[in-house]
Amino acid sequence: MSTIAAISTPNAVGGLAVIRISGENAVAVAEKIFRPHGGKKVAEMRGYTCAYGIAHDDGERIDDCILTVFRAPHSYTGEDVCEVSCHGGLYVSKRILRAALKNGAVSAEAGEFTKRAFLNGKLDLTQAEAVMDVISARGEAELRMAEQLREGATFKKARACSDRLLRILSGIAAWTDYPDEDIPEIEPTAIHAELTEIRAELESLVHNYDSGRILREGVATAIIGRPNVGKSTLFNCLSGCERSIVTDIAGTTRDVVEETVRLGDIVLRLSDTAGIHDTEDLIEGIGIDIAEKTAENAELVIAVFDGNCPLSADDLYLINKINNKKAIAVINKSDREQVIETDVLKDRFVHIVYISAKNGEGIDELENAVKALFEINSDSFSVATASNERQKQCIDNAIRSLDEGISIIESSEMYDALNVVLDDAEQSLLELTGERITEAVVDEVFSHFCVGK
């Protein structure tokens, strides 16, 4: 493979910038653009050693730098790797990169360093995908989940299931192919029990998938309610700034205002909507239609009610409108006298939270309600789990094949059919770990990485 190079630090001014070079000729390229102080040659440097010197372009000095050398196979990519650390100016780092490209390296594609680590056996595919999760982690929970995956938790569980399937397949093959040999007869009951256990193991890998996805991607959340219940005040409270206009005039919010906020470990993709009520105002009516559609498409609805007032016809309409949605009832204005009929709300909502959006009170209780609704707890990010749709699809395919296998045993069908569906399950697990995968899938996985990683 060619020798690749890229800037591995963000494209911004900072204290340091790192230009990474990887490939068979990485050391040769580094030697052409870096001159160590003291006269030592780059080619003589051992792995895991550094040298202070200058980066240059055909002898023209660029910057004082540190060169770090990693020798194959003891490097991130499994190849020879050289990293030039320079001052963090945009021009300086780009100038050094251009010098590397001029002297034999080619520009790295998105994710190509990690792709080479995968192709060279330094990482399995689930670990490689976890690298991007580590980079994009926005909180402690996301980071802990990504670290679990990067350490190979998902791979180990999938590999253990794969090995158990292989033993079953080899036993079936031996018994059916050599009937005259002294090979123990296949025991359907034992295979049934084994497949059921394997299925349960795989099911555990997808059990926390939605919780993990929510931690990574956030929850599409609609704040809805009739006018003047405090929707925009709550929106501003969660946003930490005045994003929505707040007045005592009904119908102030006519369009959807959006903001991404963090509520503890959870990211909410918030939408503040127009107050839902009967109106003859054409423009306000359009805003209400948009509000209802936003609620329909949301993963979470925060339904806001005024605790200082009895439930109105508009409130009851809203309750019926979101009957099939994951929703939390927020009773606002908890700092005032409460006259709202909570029994009606308890019949519809599992989670009811009292807040004062104006005073910022009750937000912790709202966070706890969201976590409970989506079953997010410490186990959500401390166990092996599928971390993306590709992995989940592979596991789902394996589970479907196992279900077919269990059905075949229960109906006493031929072992040839059982062999076929169990082989399908095995192939799905190999695709999960990257042991059997197409080039197109590999390219798709690493296309989501940043250049330089």
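Coordinates for the structure precede this section.
The structure presented is a predicted model; accordingly, all values stated were derived computationally and were not measured. (Residues numbered from 1 in each chain as written. Predicted model: local features only at pLDDT ≥ 70, side-chain atom pairs only at ≥ 80, totals over all residues. Heavy atoms only, no water.)

Within the protein, the secondary structure is distributed over 16 helices and 13 strands. In the protein, which comprises 453 residues, the share counted as buried stands at 49%. (Helix = DSSP H or I, 4+ residues; strand = E, 2+ residues; numbered from the N terminus. Buried < 20%, exposed > 50% of the residue type's maximum accessible area, 1.4 Å probe, protein only.)

The strand order across the open sheet formed by 7 strands is S3-S4-S5-S6-S2-S1-S7, and the pairing between neighbours is mixed. Looking at the sheet topology across the chains shown, the edges are occupied by strand S3 (34-36) and strand S7 (106-107). Bridging between strand S5 (residues 60-70) and strand S6 (residues 81-88) involves 5 bridges; their strand directions are antiparallel. When the bridges of S6 are listed, Val69 appears paired with Cys82. Here helix H3 (residues 112-119) sits on the sheet in contact with strand S1 (4-7), strand S2 (14-22) and S7, set at roughly 135° to S1. (Pairing = 2+ DSSP bridges. Contact = heavy atoms within 4.5 Å. Axes fitted to C-alpha atoms, helices over the stretch in contact; angles between N-to-C directions.)

What follows is about the sheet that holds strand S10 (residues 266-272). Strand order in the open sheet formed by 6 strands is S9-S10-S8-S11-S12-S13, with mixed pairing between adjacent strands. Since the sheet does not close on itself, it has two edges, and those belong to strand S9 (257-263) and strand S13 (352-354), each with one partner. Between one strand axis and the next, the sheet turns by 25° as a mean value, whatever way the strands run. The pairing of S9 with S10 spans 7 bridges and is antiparallel. Its bridge partner lying in S10, Glu259 is registered against Leu270. Relative to S9, helix H9 (residues 231-239) is tilted by about 50°, and along the sheet it contacts strand S8 (219-224), S9, S10, strand S11 (300-306) and strand S12 (327-332). Sheet strands in contact with helix H13 (residues 363-373) are S9, S10, S11, S12 and S13, and its direction is about 165° off that of S12.

The next point concerns the side chain of Ser22. On the secondary structure map, Ser22 appears in strand S2. A distance of 2.6 Å separates a polar atom in the side chain of Ser22 from a polar atom in the side chain of Glu79. When neighbours within four sequence positions are excluded, Ser22 is seen to be in contact with Ser2, Thr3, Ile4, Thr77, Glu79, Asp80, Val81, Phe113 and Arg116. (Polar contact = N/O pair within 3.5 Å; in protein donor to acceptor, adjacent residues only side chain to side chain.)

What follows deals with unusual backbone geometry. A cis amide bond links Ala72 with the next residue in sequence, Pro73, at an omega value of 0°. Structurally, Pro73 is set in the loop between S5 and S6.

Here the focus is the packing of helix H7 (residues 188-207) against helix H14 (residues 389-410). Two elements in contact, H7 and H14, have axes whose closest approach is 10 Å; the angle formed by their N-to-C orientations is 160°. In terms of orientation, H7 and H14 fall into the roughly antiparallel class. H14 is crossed by H7, and the crossing has left-handed handedness. Of the residues in H14, those in contact with Pro188, Ile191, His192, Leu195, Thr196, Ile198, Arg199, Leu202, Glu203, Leu205 and Val206 of H7 are Lys392, Ile395, Asp396, Ala398, Ile399, Leu402, Asp403, Gly405, Ile406, Ile409 and Glu410. (Parallel < 35°, antiparallel > 145°, perpendicular 65-115°, else oblique. Left-handed = near helix turned anticlockwise from the far one by under 90°.)

Next up on the list: the packing of aromatic side chains. Evaluated as defined, the whole model comprises 3 aromatic pairs. Look at Tyr48 and Phe70: their rings are 5.8 Å apart centre to centre, the planes differ by 85°, and that puts the pair in the edge-to-face class. Here Phe70 lies in strand S5 and Tyr48 lies in the loop between S3 and strand S4 (49-57), a separation of 22 residues in the sequence. With relative accessibility at 59%, the residue Tyr48 sits in the exposed group. Seen in terms of ring centroids, Phe118 and Phe446 are 6.1 Å apart; in terms of plane orientation they differ by 35°. Their pairing is tilted. Highlighted residues: Phe118 in helix H3 and Phe446 in helix H16 (residues 439-446), separated in sequence by 328 residues. (Phe/Tyr/Trp six-rings, centres within 6.5 Å; stacked < 30°, edge-to-face > 60°.)

Looking now at the packing of H3 against H16. Remark: H3 packs on H16, axes separated minimally by 9 Å, with the N-to-C direction vectors making an angle of 140°. Taken together, the axes of H3 and H16 lie oblique to each other. For the element pair H3 and H16, the recorded crossing hand is right-handed. On H16, the residues touching Thr114, Lys115 and Phe118 of H3 are Val442, Asp443 and Phe446. Of the residues that constitute the contact of H3 with H16, the class distribution is 3 nonpolar, 1 polar and 2 charged. (Nonpolar A, V, L, I, M, F, W, Y, C, P; charged D, E, K, R; others polar.)

Let's shift gears to helix H11 (residues 313-321). Taken residue by residue, H11 has Asp315, Leu318 and Ile319 as its buried positions. Burial along H11 is one-sided: seen end-on, the buried residues are contained in an arc of 100°. Residues of H11 that are exposed and point more than 90 degrees away from the buried face comprise Ala313 and Asn320. Where H11 is buried, its residues contact S8, S11 and helix H12 (342-348). (Arc of directions from axis to C-beta.)

It is the rolling of a water-molecule-sized probe over the atoms that shows where space remains empty. Per the counting criterion, the structure on display carries 1 cavity of 30 Å³ or more. What lines the largest cavity is Ile7, Thr9, Pro10, Asn11, Ala12, Leu16, Ala17, Gly88, Gly89, Leu90, Ser93 and Lys94. Broken down by secondary-structure element, the contributors of at least two residues to the lining of the largest cavity are S2 and helix H2 (90-102). For the lining of the largest cavity, the element with the highest residue contribution is H2, accounting for 3 residues. Here the lining of the largest cavity is built from residues that sort into 6 nonpolar, 5 polar and 1 charged. (1 Å grid on protein atoms, 1.4 Å probe; cavity = no way out; pocket = protein on both sides within 12 Å on 5 of 7 lines; lining within 4 Å. Points joined across faces, edges and corners; volume = space filled by probe spheres on them.)

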